[in-house]
Amino acid sequence: MFNILKQSTGHRSLMKGKGLALAVLALLALPRPVLAEDQLRIKGQETGAVMPGAFQFPFHYESLAAKGKASHLGHYTLTGDFAVDVRVGISTGVFTLTAGEGEKLFLSEAGHGVAIGDFTHKVSVYTVTGGTGDFAGATGSITTSLTFAFPLNQDISPNPYTAVLTGTITLADEDEQE
């Protein structure tokens with residue numbers, strides 16, 4: 001009887017070991033979570049100007065050009081076109097951020113005025129939709145808090161601004177880029 005108990009205990013240990021190995025294999029087959037080194041935390045500052053364009057109610061079409069410096073991007077330029085729905089103060093647009101090495105990030109934007117009656121501040125949220133080079137297939141978001149020299153409801157061109165930006169860019173897996 002002692003031999004049977006001994007064999008049974010040995011069998012349980014063997015089964016536990018096989019179960020653990022199977023569990024590890026199953027976990028390896030799951031999609032790989034984003035690793036910290038795949039994410040770039042962005043912090044920086046930029047200066048630029050907004051140039052008003054055409055107005056066709058309810059949209060005011062504008063363009064933006066800026067220069068800045070941010071972590072993981074170095075010195076960069078930002079250009080884009082956007083439309084502001086003057087009824088609600090919401091803007092949408094498309095932008096290209098060109099990093100110091102010439103690699104580009106493609107961004108879409110949704111923004112709004114921070115406070116009703118305060119037309120010198122705006123918060124924009126850019127969604128990273130891809131890019132070139134190391135940024136090919138990138139995703140993420142960048143939020144900018146802009147302070148303008150003149151109220152946005154005055155048609156002053158160009159309207160200079162300064163901005164602080166923060167965000168996260170997730171780089172695509174090298175296998176996904178091919």
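The structure under discussion appears in the preceding block.
Criteria and thresholds
Residues numbered from 1 in each chain as written. Predicted model: local features only at pLDDT ≥ 70, side-chain atom pairs only at ≥ 80, totals over all residues. Heavy atoms only, no water. Helix = DSSP H or I, 4+ residues; strand = E, 2+ residues; numbered from the N terminus. Buried < 20%, exposed > 50% of the residue type's maximum accessible area, 1.4 Å probe, protein only. Contact = heavy atoms within 4.5 Å. Areas by Shrake-Rupley, 256 points an atom, 1.4 Å probe, with all protein chains shown as cover. Phe/Tyr/Trp six-rings, centres within 6.5 Å; stacked < 30°, edge-to-face > 60°. Lys NZ or Arg CZ within 6 Å of the ring centre and 35° of its normal. Core = buried A, V, L, I, M, F, W, Y, C linked by side-chain atoms within 4.5 Å. 1 Å grid on protein atoms, 1.4 Å probe; cavity = no way out; pocket = protein on both sides within 12 Å on 5 of 7 lines; lining within 4 Å. Points joined across faces, edges and corners; volume = space filled by probe spheres on them. Nonpolar A, V, L, I, M, F, W, Y, C, P; charged D, E, K, R; others polar.

Asker: Teacher, can you tell me more about the overall build of the chain here?
Answerer: From N to C terminus, the chain includes two helices and eight strands. The burial tally for the chain puts 31% of its 178 residues in the buried class. Of the contacts made within the chain by residues no fewer than 6 positions apart, 46% connect residues no fewer than 24 positions apart. Total accessible area on the chain is roughly 11100 Å²; 62% of this is exposed by carbon and sulfur atoms.

Asker: Sorry, what's going on with the environment of Ala172 here?
Answerer: In this fold, Ala172 is placed in the loop between β8 (159–170) and α2 (174–177). Residues Ala172 and Thr139, 33 residues apart in the sequence, show an inter-C-alpha distance of 7.6 Å.

Asker: Explain the packing of aromatic side chains here, please?
Answerer: Aromatic ring pairs: the centre-centre distance and the angle between the two ring planes describe each pair. Evaluated as defined, the whole model comprises four aromatic pairs. Centre to centre, the rings of Phe95 and Tyr126 are 5.2 Å apart; their planes meet at 85°, and the pair counts as edge-to-face. Of this pair, Phe95 sits in strand β4 (residues 90–98) while Tyr126 sits in strand β6 (residues 118–131), placing them 31 residues apart in sequence. In this structure, Phe95 and Tyr126 share a single accessibility class: buried. For the pair Phe148 and Tyr161, a centre-to-centre distance of 5.5 Å together with 50° between the ring planes defines the contact as tilted. Highlighted residues: Phe148 in strand β7 (residues 139–148) and Tyr161 in strand β8, separated in sequence by 13 residues. Here Phe148 and Tyr161 have matching classes, each one buried. Connected via pairs of aromatic rings, a cluster forms that spans Phe82, Phe95 and Tyr126. Lying over the aromatic face of Phe82, Lys122 brings its terminal NZ or CZ to 4.5 Å of the ring centre.

Asker: Explain the nonpolar core to me, please; I cannot follow it from the model alone.
Answerer: Nonpolar side chains tend toward joint burial in soluble globular proteins. In terms of nonpolar packing, the biggest core is built from 27 residues, with Leu64, Leu73, Leu78, Leu105, Leu107, Tyr161 and Ile169 touching the most fellow members. Apart from residues no more than four positions distant in its own chain, Leu107 is found in contact with Leu78, Gly93, Val94, Phe95, Leu97, Tyr126, Thr127, Val128 and Thr129.

Asker: Quick question: what am I supposed to make of the environment of Pro58 here?
Answerer: Here Pro58 shows up in the loop between β1 (39–56) and β2 (59–70). Taking the relative accessible area as the measure of exposure, Pro58 reaches 12% and is therefore buried. Excluding residues within four positions of it along the chain, Pro58 makes contact with Val84, Asp85, Val86 and Arg87.

Asker: What is the right way to read empty space enclosed by the protein from this model?
Answerer: Tallied over the entire structure, the rule returns one cavity of 30 Å³ or more. Taken as a whole, the largest cavity holds about 50 Å³ of empty space. As for the largest cavity, its lining consists of Glu46, Tyr76, Leu78, Leu97, Leu107, Tyr126, Ile142, Thr144 and Leu165. Counting only elements with at least two residues in the lining of the largest cavity, the list comes to β3 (74–85) and β7. For the lining of the largest cavity, the residue count by class is seven nonpolar, one polar and one charged.

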